[in-house]
Amino acid sequence: MMYYRIQNRLDARLLLADMRKRGQDVPIGDRILELAGTLDDAYGKDRKSTGMGGYILYFPDSETYENTIVEVWDFYHIEPREFEYQEYIGDTELNDVKWIEKLFLLSSDDSLVLVYPQKENDFISMIKYYENPID
């Protein structure tokens, strides 16, 4: 699989409809729709992918996240520990998986919100990494 790039409410609505059809985590889709609405309200719904305003990257499974996140960080020049906020999305602890929403500011007018699942074991590994980072 690969990640989804959600730019506006239309993208989010189509993703949510697909998630409902497949019986996937609809609360996650609802939150993505809410985030897309916030970006549309702040920056306009007709912004271009190269314009300012930002978008959401949705990783449907932990394997996709793990296999692509380093390239995403490199491409967008993101320092992974320098995010604005990180939250768990709703009550999403199903099968030892927590869904995370994390905001990165790419510039003063551009943002990137990552939405991805994290297995409980991965969460423990991440905590250990942040307590003792390898540089």
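Structure shown above.
Let me begin by describing the structure that accompanies this report. (Residues numbered from 1 in each chain as written. Predicted model: local features only at pLDDT ≥ 70, side-chain atom pairs only at ≥ 80, totals over all residues. Heavy atoms only, no water.)

### Details of unusual backbone geometry
Selection rule: Numbering of helices and strands starts at the N terminus; helices are DSSP runs of H or I of at least 4 residues and strands are runs of E of at least 2. Relative accessibility under 20% of the residue-type maximum defines a buried residue, over 50% an exposed one, and the middle range a partly exposed one, all with a 1.4 Å probe and only protein chains included.
A positive phi angle is found at H77, which is not glycine, with a value near 55 degrees. Secondary-structure assignment places H77 in the loop between α3 (62-75) and β3 (85-88). By relative accessible area, which is 73% here, H77 ends up exposed.

### Thoughts on the packing of aromatic side chains
The geometry of an aromatic ring pair is captured by the separation of the ring centres together with the interplanar angle, meaning the angle of the planes. Basically, it comes down to this: Under the pairing criterion, centres of Phe, Tyr and Trp rings, with the six-membered ring standing for Trp, must be within 6.5 Å; the plane angle then separates stacked pairs below 30 degrees from edge-to-face pairs above 60, leaving the rest tilted.
Applying the stated criterion across every chain yields a total of 8 aromatic pairs. Measuring from ring centre to ring centre gives 4.9 Å for F75 and Y76, while their planes differ by 85 degrees; the resulting arrangement is edge-to-face. In this structure F75 comes out as exposed when scored by relative accessible area, which is 61%. When the ring of F83 is compared with that of F104, the centres are 6.2 Å apart and the planes differ by 80 degrees; the resulting orientation is edge-to-face. Placement of the pair is F83 in the loop between α3 and β3 and F104 in strand β4 (residues 97-107), with a sequence separation of 21 residues. Classification of F83 as partly exposed rests on a relative accessible area of 29%.

Note that every value here comes from positions in space, so none of it alone points to a role or purpose.
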